[in-house]
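The lines below spell out each chain.
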Amino acid sequence: MKNNLSDRIIPLSSIDHIFTGTGSYTIEFIFAYQEKLDDKSLRSSLLEVIKHFPPVSSKLVKLTDKEYGFELSSEGLVFEVQESSVRFEENDAKYDYINPVNTLEGDPLTKIKVTHTPGGSVLGVSISHAIADGFSYFHFLSSWAKFYQGRSFFPPIHQRTLLVSNQDKLQKNPVVSQDVLRDAGLFLEDKRKVIKKEDLKWESRIFRFAELKELLAQEQKNTDTRLSFNDIITAQLSKEYLSKWQAGGQDDTCYISCPVDFRRILEGFPKTYFGNAVSLATTALSLEELNSISLSDLALRIRTNVKKVDRKRIETNLSCLTVLRNQQNINIFENLHVMHPDSGLLVTNLSRLPVPEIEFNAGPPSDYSILTQTVRGAVILPHPDGFEVRLCCPID
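Bear in mind the structure is a predicted one, so any value in this text is a computation, not a measurement.

Colleague: Help me understand the sheet that holds strand 2 (residues 26-33) in this model?
Modeller: Here we have 5 strands laid out as an open sheet, ordered 5-6-7-2-14, and mixed in their pairing. Of all the strands in the sheet, just strand 5 (77-83) and strand 14 (367-370) have a single pairing partner and so form its edges. Across the sheet, the mean angle from the axis of one strand to that of its neighbour is 15°, orientation sign disregarded. Where strand 5 and strand 6 (residues 110-117) come together, 7 bridges link them in parallel fashion. Counterpart to V81 in the pairing with strand 6 is V114. Of the strands in this sheet, strand 2, strand 6 and strand 7 (120-128) are in contact with helix 3 (residues 134-148), which crosses strand 2 at around 35°.

Colleague: I would appreciate a short explanation of the pairing of strand 6 in the present structure.
Modeller: In the case of a regular strand, side chains alternate between the two sheet surfaces. When you tally the buried positions in strand 6, you get 8 out of 8 residues, the bulk of the element. Every second residue of strand 6 is oriented toward a common face, with T110, I112, V114 and H116 on one face and K111, K113, T115 and T117 on the other, all of them buried. Both strand 6 and strand 7 contribute to a ladder of 8 bridges, which runs antiparallel. For T117, the partnering residue across the bridge sits in strand 7 and is G120. With antiparallel pairing between neighbouring strands as the criterion, strand 6 and strand 7 make up a hairpin whose turn holds 2 residues.

Colleague: What exactly am I supposed to notice about the packing of aromatic side chains here?
Modeller: Centre-to-centre distance and the angle between the planes together describe a pair of aromatic rings. Summed over all chains, the structure comprises 21 aromatic pairs. Ring plane angle 50° and centroid distance 5.5 Å describe the contact between Y241 and W245, whose orientation is recorded as tilted. Remark: W245 and Y241 occur in helix 6 (residues 229-245); sequence separation between them is 4 residues, near one turn of the helix. Aromatic ring contacts, followed pair by pair, group F53, F140, W144, Y148, F153, F274 and F360 into a single cluster. Sitting over the face of the ring of F88, K94 holds its NZ or CZ atom 3.7 Å from the ring centroid. Lying over the aromatic face of Y95, K197 brings its terminal NZ or CZ to 5.9 Å of the ring centre.

Colleague: Looking at this model, I keep getting lost on the state of the cysteines. Mind explaining?
Modeller: Scanning all chains against the criterion turns up 0 disulfides. Among the cysteines around C392, which has no disulfide bond, C393 carries the closest sulfur, lying 7.0 Å off. Note on C392: relative accessible area 0%, which makes it buried.

Colleague: Can you walk me through the side chain of S45 in this structure?
Modeller: Note on placement: S45 falls in helix 2 (residues 39-49). Take S45: its relative accessible area is 7%, and that puts it in the buried class. When residues no more than four places from it in sequence are discounted, the contact partners of S45 are W144, F147 and Y148.

Colleague: Looking at this structure, how should I read the sheet that holds strand 4 (residues 67-72)?
Modeller: Taking strand neighbours across the sheet as the criterion, the 3 strands line up as 1-4-3 in an open arrangement whose pairing is antiparallel. Edge positions in the open sheet fall to strand 1 (9-11) and strand 3 (58-64), since each of these has one partner strand only. Strand-to-strand twist across the sheet, computed as the mean angle between neighbouring axes with direction ignored, equals 35°. Here strand 1 runs beside strand 4; their pairing, made up of 3 bridges, is antiparallel. For P11, the partnering residue across the bridge sits in strand 4 and is G69.

Colleague: I'm lost on the nonpolar core in this one. Help?
Modeller: One recurring pattern in soluble globular proteins is that nonpolar side chains are buried together. With 110 residues, the main nonpolar core has F29, F31, F140, W144 and F360 as its most contacted residues. The residues touching F360, leaving out its near neighbours within four places in the chain, are Y33, L37, L42, L123, L141, W144, A145 and Y148. One finds I30, A32, F88 and L371 within the second-largest nonpolar core, a separate group that totals 7 residues.

Colleague: Could you clarify how one ought to interpret the pattern of salt bridges in this entry?
Modeller: Opposite charge on two side chains permits them to pair, given that their charged atoms come into close proximity. Inspection of every chain in the model, using the stated rule, returns 18 salt bridges. Residues D261 and R263 are paired through a salt bridge, measuring 2.8 Å at the closest nitrogen-oxygen approach. As far as the burial class goes, D261 and R263 line up, both buried. The closest approach of N and O atoms between E289 and R301, which form a salt bridge, is 2.7 Å. Here R301 lies in helix 8 (residues 295-307) and E289 lies in helix 7 (residues 287-292), a separation of 12 residues in the sequence. Owing to a relative accessible area of 28%, E289 belongs among the partly exposed residues under this scheme. Taken together, the shared-partner salt bridges in this structure form one network comprising D133, D261 and R263.

Each value, and the rule that gives it
Residue indices begin from 1 for each chain and proceed along its sequence in written order. The predicted nature of this model means local features are confined to residues of pLDDT at least 70 and side-chain atom pairs, given and counted, to a pLDDT of 80 or more, with totals for whole chains, interfaces and linings taken over all residues. Processing note: side-chain calculations cover all non-hydrogen atoms of the structure and skip hydrogens and water entirely. At least two DSSP bridges between two strands are required for those strands to pair. Counting from the N terminus, the helices are DSSP H or I runs at least four residues long and the strands are E runs at least two residues long. Structural elements are reduced to axes, namely lines fitted to C-alpha atoms, with helices fitted over the stretch in contact, and the angle between N-to-C directions of any two is expressed from 0 to 180 degrees. Contacts were defined at the residue level, with two residues in contact if any of their heavy atoms lie within 4.5 Å. Relative accessible area decides the class of each residue, using a 1.4 Å probe on protein chains only: under 20% of the type maximum gives buried, over 50% gives exposed, and in between gives partly exposed. Aromatic contacts are taken between Phe, Tyr and Trp rings whose centres are within 6.5 Å, Trp giving its six-membered ring; a plane angle under 30 degrees counts as stacked, one over 60 as edge-to-face, and the others as tilted. In this scheme, the term charge over a ring applies when either NZ of a lysine or CZ of an arginine sits within 6 Å of the ring centre and within 35 degrees of the ring normal. The disulfide criterion is simple: two cysteine sulfur atoms within 2.5 Å. Residues belong to one nonpolar core when they are buried, are Ala, Val, Leu, Ile, Met, Phe, Trp, Tyr or Cys, and are joined through side-chain atoms within 4.5 Å. Just to be clear on terms, a salt bridge is a Lys or Arg side-chain nitrogen sitting within 4 Å of an Asp or Glu carboxyl oxygen.

Printed below as a string of structure tokens:
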């Protein structure tokens, strides 16, 4: 690492700040291999590849009351190896394979664990969401695997200055919760709580291509707008789960939040940007409306809001977050939620994950699982016959 402190600090973008502090989200996956991984070669290749991905080896530092930074440090990355006498497929305690990170000041922001079992090895990777979104997480992993194999990879772009708001156009009035919801699709509520894994349960749903095609064809008759599998899945999940999770009370509004990767939307924005390049498309409707609306109408409403994420929307999002941070301080982000904490559902589409590429001369992963503890969060993953949805649900 360089000796000059300023050369070892990367300021966070306003979007990165969302994922800092108590109760912030991490991205965690485990990958099982039927052959043993060479942990010594893994470690040495990792130390080389992070030269291209420096935030992966960093700690969170407070630069001012208004801004965090990533301090590049050898202590910012933890790599450990352990032995287990239990085969992966026989172990229901999948969290044994993960060493979770906390996005707090001074803590390492990446932890990687290799577990050797009687049936092969398991690779567990926990990375702070402040460092990377889902795209960047897998860009790093696939690049590491390619480097390990002596292959080339697309170099990441780290210019977080690409996500700086125009200070002259920032809102001068105090930002309130309604502004945050309208302009950023986020929820300014009570301080986030640390959710224990014992208070969560995972549910899995398989949406098969044949069933989805039939359902999509049926629902498509009711609208001229082209709907996607993702729209239908999100609408179906919303109707099934939100009515169960709605807390009731005076306000019975339900919220459906969908992260939109804007690398493909912003013309000229680098496709290999490493960081958070997401904007939330949030749909709100009453519980009564949720229960009565048709699947196609709900899917259309979700699709319409997703299509609203354009350059203007992204700039508004950045401006709102910047003003919020300037008017308050960085601690305010501990009150920011990506889905409504009581009556919201977050649906993230990761159906194009390059899982087979995470190959370290031990064959592609024979199995994998997401362990990100995002209560009321659903992730759409690839499946041989369609899509698998993993839902992180609160225990009733």
